[in-house]
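Chain residues, written in single-letter form:
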Amino acid sequence: MFLVVSVLLLTVCGVSQAQTLQNLVNQPPDGAIVGFLMTDGTVMYQGGAQSDWWRLTPDKSGSYLKGTWKQLASLPSGYVPLYFAAAVLADGRLIIEGGEYNFGNFAFTNMGAVYNPAKNTWTMQKPPKGWGFIGDSPSTVLPNGKFLLGSKFDRRVAELDPATLTWTNLSSAGKFDRNAEEGWTLMPDGSVLTFDVSKAPHSEKYDSSQQKWISLGSTIVDLHSPTTIQGCIPYGSHCYYPPGEVGPGMLQPDGTMFATGSASNGGNGPGHTAIFHPSTGKWTVGPDFPNGDNAGDSYAVLLPNGHPLVIGASGTSYEFDGKKLNSGIFIGYFNHLLVLPTGEVIVAGSEIYTPKGKPNPAWAPTIMTYPHTVSRGSTYKVSGTQFNGLSEAQAFGDELTSATNYPLVRITNKASGHVFYAKTHDHSTMGVATGKATVSTSFDVPAGTETGASTLVVVANGIASKAVSVTVN
């Protein structure tokens with residue numbers, strides 16, 4: 001991604017009159033570049049000025065369509081990044097790391113920052129030792145809660161311990177190529193799968209416990225497109241030669257990973273797709289994008305119905321049903337997608353996309369133990385299964401990821417119907433598809449929660465558990 005996309009593109013509204021796409025009643029005050037679902041049910045967005053951040057809070061009925069905006073603390077002086085690695089951590093904080101641009105200029109900066117929602121403050125974060133540049137690098141959160149970061153310019157990887165905010169450089173033995181422009185997908189076994197760009201069509205996975213990369217063979221079809229930028233992009237005293245682009249990869253409820261491609265045939269053909277089957281360790285070929293479209297440097301989410309939703313370079317949306325890529329409504333290219341706790345998808349912070357279909361009940365979180373009575377301002381624990389969902393549920397070609405594989409707790413007052421999200425934190429795992437394993441999270445009951453008879457659900461990736469009854473004091 002080497003074009004600065006205009007604010008107009010980022011805030012496309014009202015292009016389609018389809019019933020499944022609606023404009024937010026209150027539009028983002030300064031546009032919305034990239035957003036993150038916070039563990040208190042709000043959505044945090046980087047504004048168009050890039051240093052400014054905003055919070056969208058749903059209304060009392062739980063509607064994000066009618067939600068309201070509030071400006072949050074701006075980034076520390078000197079750090080105004082665009083296109084960076086990022087993740088919501090298990091303690092509820094947000095980390096952003098690097099940036100392809102800083103103050104709108106090519107920088108491949110190695111700066112980073114951590115946002116604390118409880119204090120509404122940003123704190124600068126040091127880079128891994130010896131990393132002079134980071135830029136737009138791939139990343140993910142491992143099941144143990146540590147933030148894994150890849151070096152864009154070589155094969156190095158490092159992990160951040162959120163408890164101490166210290167980095168550890170890990171071994172990257174066996175890596176087939178540099179990490180540039182790759183997307184990383186967390187798998188149920190805790191490994192991180194990628195389909196290479198510099199050495200396409202090769203694929204591999206990282207086993208952090210062994211600190212080594214393991215080859216997964218060829219994706220059969222080429223998922224990368226050649227770079228549109230020729231020659232050297234200088235950074236420091238070095239040269240960066242872009243390897244091209246790929247599309248996002250998405251773990252599906254059946255355990256397979258759906259990988260999407262950028263333009264084929266030297267940039268003139270349709271994007272290919274491929275499916276990785278962990279049970280056999282093999283790839284199979286998926287459908288090409290219709291009408292010569294592709295997903296190079298684009299967004300995807302996993303809908304509650306189990307289908308990946310991908311935006312094509314044309315701006316058209318495509319839903320993969322396991323066999324076909326079905327074209328849908330026009331959403332607009334490079335518009336950030338994020339699954340909300342309601343099961344809807346927020347588009348570029350300005351529209352709500354309502355998908356068709358319902359989730360399989362077997363995919364939902366289940367509550368096993370919980371407090372039957374809670375008090376406002378106090379902290380409690382709830383345990384059960386599948387609190388982290390079956391997938392990270394959001395992806396991009398490389399950077400700009402905002403995974404949602406962590407539990408939210410929603411309390412609804414039976415008398416008024418008003419909705420309150422309790423901030424969750426200290427999840428027992430950040431894995432995906434945890435199956436029958438018992439997992440847990442802590443939650444803080446908001447001081448403003450209405451008292452009396454209520455229901456409580458745990459939500460992961462837009463899919464809610466069956467409700468249990470609680471009394472709020």
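Described below are features of the structure shown in this document. Everything numeric in this text was worked out from a predicted model, so none of it was measured.

Here we look at empty space enclosed by the protein
Across all of its chains, the model carries four cavities of 30 Å³ or more by this definition. Computed from the structure, the largest cavity encloses a volume of approximately 150 Å³. Around the largest cavity, the lining comprises 15 residues; the ones closest to its centre are A87, T140, V141, E392 and A403. Only β7 (85-88) and β13 (139-141) provide two or more residues apiece to the lining of the largest cavity. In terms of residue class, the lining of the largest cavity is built from eight nonpolar, six polar and one charged.

Description of the side chain of T429
Looking at the element boundaries, T429 is found in the loop between β39 (419-425) and β40 (439-444). Since its relative accessible area comes to 14%, T429 is described here as buried. Within the structure, the side chain of T429 is placed 2.9 Å from the backbone nitrogen of G431, a separation counted as a polar contact. Among all residues touching T429, those that are not within four sequence positions of it are P143, N388, T434 and V439.

Some points on the pattern of salt bridges
One pass over the structure, following the stated rule, counts 10 salt bridges. For K146, the salt bridge is made with E159, and the minimal N-O distance between the two is 3.6 Å. A residue pair is termed long-range when its members are at least 10 positions apart, and K146 in the loop between β13 and β14 (147-150) and E159 in strand β15 (residues 157-161) qualify at 13 residues. With relative accessibility at 12%, the residue E159 sits in the buried group. Its salt-bridge partner being R156, residue D154 comes within 3.2 Å of it at the nearest N-O pair. In this structure D154 comes out as partly exposed when scored by relative accessible area, which is 23%. Accessibility expressed as a relative area gives 31% for R156, which makes it partly exposed. Overlapping salt bridges bring together K175, D177, E182, D196 and E204 as one network.

Some words on the environment of S279
Inspection of the secondary structure puts S279 in the loop between β25 (273-277) and β26 (282-285). Using a relative accessible area of 73% as the deciding quantity, one classes S279 as exposed. Linking S279 and T401, residues 122 residues apart in sequence, is a C-alpha distance of 26 Å.

Some details on the sheet that holds strand β27 (residues 299-302)
Strand order in the open sheet formed by five strands is β30-β29-β28-β27-β37, with antiparallel pairing between adjacent strands. The open sheet terminates on both sides in strands that have one partner only, identified here as β30 (325-330) and β37 (394-396). Adjacent strand axes in the sheet meet at a mean angle of 25°, parallel and antiparallel pairs treated alike. Pairing geometry for β27 and β37, over three bridges, is antiparallel. Residue pairing in the sheet places V301 in a bridge with Q394 of β37.

Quick look at unusual backbone geometry
A negative phi holds for most residues other than glycine; trans holds for most peptide bonds. With an omega of 10°, the peptide bond running from A200 to P201 counts as cis. For Q386, which is not glycine, the phi torsion reads 55° and is therefore positive. By the element assignment, Q386 lies in the loop between β36 (379-385) and β37.

Some points on the state of the cysteines
Scanning the entire structure with this criterion turns up one disulfide. What pairs with C232 in a disulfide is C239, and their sulfur atoms sit 2.0 Å apart. Given an S-S torsion of about -90°, the disulfide between C232 and C239 has left-handed geometry.

A closer look at the sheet that holds β15
Read across the sheet, four strands follow the order β13-β14-β15-β16 without closing on themselves; strand pairing throughout is antiparallel. Of all strands in the sheet, those with a lone pairing partner are β13 and β16 (166-170), marking the two edges. Pairs of neighbouring strands in the sheet enclose a mean axial angle of 20°, with direction left out of account. Where β15 meets β16, five bridges bridge the pair, whose relative direction is antiparallel. Looking across to β16, one finds that A158 is bridged to N169.

Some words on the pairing of strand β18 (residues 192-195)
Neither face of β18 is left uncovered, since the one carrying V192 and T194 and the one carrying L193 and F195 both have all their residues buried. Note that strand β17 (residues 185-186) and β18 share two bridges and pair antiparallel. Across the sheet, the residue bridging to T185 is L193, located in β18. The antiparallel hairpin formed by β17 and β18 contains five residues in its connecting segment, where G190 sits at a positive phi of about 90°.

Observations regarding the packing of aromatic side chains
Scanning the model with the defined rule gives 27 aromatic pairs in all. Geometrically, the ring pair formed by Y45 and W69 is tilted, given 5.8 Å between the ring centres and 55° between the ring planes. Taken as a pair, Y45 in strand β3 (residues 43-46) and W69 in strand β5 (residues 68-71) lie far apart in primary sequence, 24 residues in all. Residue W69 is classed as buried on the basis of its relative accessible area, which comes to 15%. Ring geometry for Y299 versus F396: centroids 4.7 Å apart, planes at 50°, classification tilted. Highlighted residues: Y299 in strand β27 and F396 in strand β37, separated in sequence by 97 residues. For Y299, a relative accessible area of 0% puts it in the buried group.

Here is what the cut-offs are and how they apply
- Residues numbered from 1 in each chain as written.
- Predicted model: local features only at pLDDT ≥ 70, side-chain atom pairs only at ≥ 80, totals over all residues.
- Heavy atoms only, no water.
- 1 Å grid on protein atoms, 1.4 Å probe; cavity = no way out; pocket = protein on both sides within 12 Å on 5 of 7 lines; lining within 4 Å.
- Points joined across faces, edges and corners; volume = space filled by probe spheres on them.
- Helix = DSSP H or I, 4+ residues; strand = E, 2+ residues; numbered from the N terminus.
- Nonpolar A, V, L, I, M, F, W, Y, C, P; charged D, E, K, R; others polar.
- Buried < 20%, exposed > 50% of the residue type's maximum accessible area, 1.4 Å probe, protein only.
- Polar contact = N/O pair within 3.5 Å; in protein donor to acceptor, adjacent residues only side chain to side chain.
- Contact = heavy atoms within 4.5 Å.
- Salt bridge = Lys/Arg side-chain N within 4 Å of Asp/Glu carboxyl O.
- Pairing = 2+ DSSP bridges.
- Axes fitted to C-alpha atoms, helices over the stretch in contact; angles between N-to-C directions.
- Disulfide = S-S within 2.5 Å.
- Phe/Tyr/Trp six-rings, centres within 6.5 Å; stacked < 30°, edge-to-face > 60°.

Shape descriptors only; they carry no functional weight alone.
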